[in-house]
Amino acid sequence: SKYAICCINGTSALHISLKIAGVKSNDEVIVPSLTFIAPVNAIRYNNANPLFIDSDNYFNIDVLKLIKFLDKNTFFKKGFCYNKKTKRRISAIIPVHIWGNGVDIKSLLKACRKRNIKIIEDASESLGTFYKKNYFNIRKHTGTIGDFGCISFNGNKIITSGGGGVIITNSKKAA
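Residues numbered from 1 in each chain as written. Predicted model: local features only at pLDDT ≥ 70, side-chain atom pairs only at ≥ 80, totals over all residues. Heavy atoms only, no water.

A. Layout of the layout of surface pockets. In this structure, the largest pocket encloses a volume near 230 Å³. In the lining of the largest pocket, the residues fall into five nonpolar, five polar and four charged. In this structure, the second largest pocket encloses a volume near 200 Å³. If you go around the second largest pocket, you meet 13 residues; those closest to its centre are Phe36, Ala38, Ser124, Ser152 and Lys157. When residues of the lining of the second largest pocket are assigned to their parent elements, the largest contribution, three residues, is made by helix α1 (residues 10-20). Of the residues contributing to the lining of the second largest pocket, the split by class is four nonpolar, six polar and three charged. (1 Å grid on protein atoms, 1.4 Å probe; cavity = no way out; pocket = protein on both sides within 12 Å on 5 of 7 lines; lining within 4 Å. Points joined across faces, edges and corners; volume = space filled by probe spheres on them. Nonpolar A, V, L, I, M, F, W, Y, C, P; charged D, E, K, R; others polar. Helix = DSSP H or I, 4+ residues; strand = E, 2+ residues; numbered from the N terminus.)

Here is the structure:
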């Protein structure tokens, strides 16, 4: 990524990324059902609501179930995606790359771009994981593909400083 912004921890990186992505009070943010508390806390810190989607066989968000949900249970109005049931705007998604497994980000990108849903990747557990060259024509690391990537350096992570976090992005304006 072109830009890296240091934060106090990974949770604050997620919190700030959601705010910069335009998540408003009462919005919904999609998150996998198998996750850690940090993404859900970051959503709640923005007074938004988590919208849980099942996980796949690799413990990541099940992108096929997500697309099915978006097709059947949402509508698009004035440039934004809304949940038919709650009538809330779905403004973002936090795909969490669990245990080094990369989410099916290519399919996720297509579905989210079509609906103006911002992607904030939680790459805290996948630092060093990359998608093969034939996936994007170049090797890309998890966390570098969505609108924002968030990484934690907490004591239980791959690279640790005892604490801290970082937001990565290619957007100069967002940085």
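B. Inspection of the pairing of strand β11 (residues 165-169) at higher detail. Along β11, five of the five residues are buried, which leaves the element largely enclosed by surrounding structure. Bridge count for strand β1 (residues 3-7) against β11 is five bridges, and the pairing is antiparallel. Paired with Cys7 across the strands is Gly165, a residue of β11. (Buried < 20%, exposed > 50% of the residue type's maximum accessible area, 1.4 Å probe, protein only. Pairing = 2+ DSSP bridges.)

C. Structural view of the side chain of Thr74. By the secondary structure assignment, Thr74 is in strand β4 (residues 74-77). Only 2.4 Å separates the side chain of Thr74 from the backbone oxygen of Leu70, close enough to count as a polar contact. Contacts of Thr74, omitting those with residues within four sequence positions, involve Phe69, Cys81, Tyr82, Asn83, Lys84, Ile90 and Arg115. (Polar contact = N/O pair within 3.5 Å; in protein donor to acceptor, adjacent residues only side chain to side chain. Contact = heavy atoms within 4.5 Å.)

D. Seen up close, the packing of aromatic side chains. Under the criterion given, the structure shown has two aromatic pairs. Residues Phe59 and Trp99 carry aromatic rings whose centres are separated by 4.9 Å and whose planes lie at 75° to one another, so their mutual orientation is edge-to-face. You can see Phe59 sitting in the loop between β3 (49-53) and α3 (63-73) and its partner Trp99 sitting in the loop between β6 (89-93) and α4 (105-115), a full 40 residues away along the chain. By relative accessible area, which is 38% here, Phe59 ends up partly exposed. (Phe/Tyr/Trp six-rings, centres within 6.5 Å; stacked < 30°, edge-to-face > 60°.)

E. Representation of the packing of α1 against helix α2 (residues 37-45) in the model. At a minimum axis separation of 8 Å, α1 and α2 run at an interaxial angle of 40°. Relative to α2, the element α1 lies oblique. For the crossing formed where α1 meets α2, the hand is right-handed. For the pair formed by α1 and α2, the contact residues are Thr11, Leu14, His15 and Leu18 on the first element and Ala38, Pro39, Asn41, Ala42, Ile43 and Tyr45 on the second. Of the residues in the contact of α1 with α2, the class split is seven nonpolar, three polar and no charged. (Axes fitted to C-alpha atoms, helices over the stretch in contact; angles between N-to-C directions. Parallel < 35°, antiparallel > 145°, perpendicular 65-115°, else oblique. Left-handed = near helix turned anticlockwise from the far one by under 90°.)

F. The packing of α3 against α4, seen in detail. At a closest axis distance of 10 Å, the pairing of α3 and α4 adopts a crossing angle of 20°. The angle between α3 and α4 places the two elements in the roughly parallel class. Relative to α4, the crossing made by α3 is left-handed. Note on element contacts: α4 touches α3 through Ser107, Leu108, Ala111 and Arg115, opposite Val63, Leu66, Ile67, Leu70 and Asp71.

G. Quick look at α1. Among the residues of α1, those classed as buried are Gly10, Ser12, Ala13, Leu14, Ser17 and Leu18. If you check the start of α1, you find a side-chain oxygen 3.2 Å away from the backbone N of Thr11, and it comes from Asn9. Phi turns positive one or two residues past the end of α1, at Gly22, with a value near 95°.

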